[in-house]
Amino acid sequence: ARDPSRARGATGFEGRGMEMTPAQKLLLNATTAILTITGAVFAWMKYFMKTDDPFAVANHPWQPHMLHVHVVAAPVAVFVIGAIWAAHVRPKHEAGIRSRRKTGLAALWMIAPMVLSGYLMQVLTNERLVEAMKVTHWVSSTLFVIGLLVHQLLRKNGNGAVKPVSTADEREVW
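Every chain is numbered on its own, with residues counted from 1 as its sequence reads. At least 70 in pLDDT is required for a residue's local features to be given in this predicted model, at least 80 for side-chain atom pairs to be given and counted, and no such filter applies to totals for whole chains, interfaces and linings, which use all residues. Only hydrogens and water are removed before side-chain values are computed, so all heavy atoms of the structure are retained for them.

Visitor: Could you give an account of the pattern of salt bridges, with specific residues and numbers?
Guide: A side-chain nitrogen of Lys or Arg and a carboxyl oxygen of Asp or Glu constitute a salt bridge if their distance falls within 4 Å. Evaluated as defined, the whole model comprises three salt bridges. The shortest N-O distance in the salt bridge between glutamate 94 and arginine 90 comes to 4.0 Å. With a gap of four residues between them, glutamate 94 and arginine 90 both fall in helix 2 (residues 63–95), about one helical turn apart. Think of it in three bands: with a 1.4 Å probe and only protein chains considered, a residue is buried below 20% of the maximum accessible area for its type, exposed above 50%, and partly exposed in between. By relative accessible area, which is 42% here, glutamate 94 ends up partly exposed. Classification of arginine 90 as partly exposed rests on a relative accessible area of 34%. By definition, any uninterrupted DSSP run of H or I lasting at least four residues is a helix, any uninterrupted run of E lasting at least two residues is a strand, and each is numbered from the N terminus.

Visitor: How would you sum up the packing of helix 1 (residues 22–47) against helix 4 (residues 127–153)? Please name residues and give values.
Guide: Running from N to C, helix 1 and helix 4 cross one another at 145°; their axes reach a closest spacing of 12 Å. Seen along the crossing, helix 1 lies across helix 4 with a hand that is left-handed. Where helix 1 approaches helix 4, its residues Leu28, Asn29, Thr32, Thr36 and Tyr47 are matched on the opposing element by Lys134, Trp138, Phe144, Val145, Leu148 and Gln152. What counts as an axis is a line fitted to C-alpha atoms, over the stretch in contact for a helix, and the angles between N-to-C directions run from 0 to 180 degrees. Take the far helix as the reference: if the near one is turned anticlockwise from it by less than a right angle, the crossing is left-handed, and if turned clockwise, right-handed. Whether two residues are in contact is decided by their heavy atoms: any pair within 4.5 Å suffices.

In structure tokens, the structure reads:
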């Protein structure tokens, strides 16, 4: 295995070059928050609210806006995840660094079904396939957000046991 202290991230800096930059953290967390909020609000409006107007195409006036923001923010999030893959995930994997790998991979494995199902919902015409993509999108998105939160909020102590991060400085989430 390679010496992790000599590993180089996509930034080209020794050692800490594999850590996410503050800008990457901000963009990942901001796009994830925007997508989580708009997705949850849109789903609530579409599936749990009912309008009295029999001619309405939406259950709430903000419903189409939630979907628009969600669909516009998603490609930004995919771009950010790609940048983080190049600068953080791949270099740490190649260097053999195992710290929080399981939680990172748990979130990472949800990205493909989340992105593909989100795209396919927009273009499929078969109702059964659209319904399957909705369920896939909801489940994979929920698991991605949970995995990302666990990955960011847990650290390992000196003996390898997982412990919660106690301060915002240690978390470095934002």
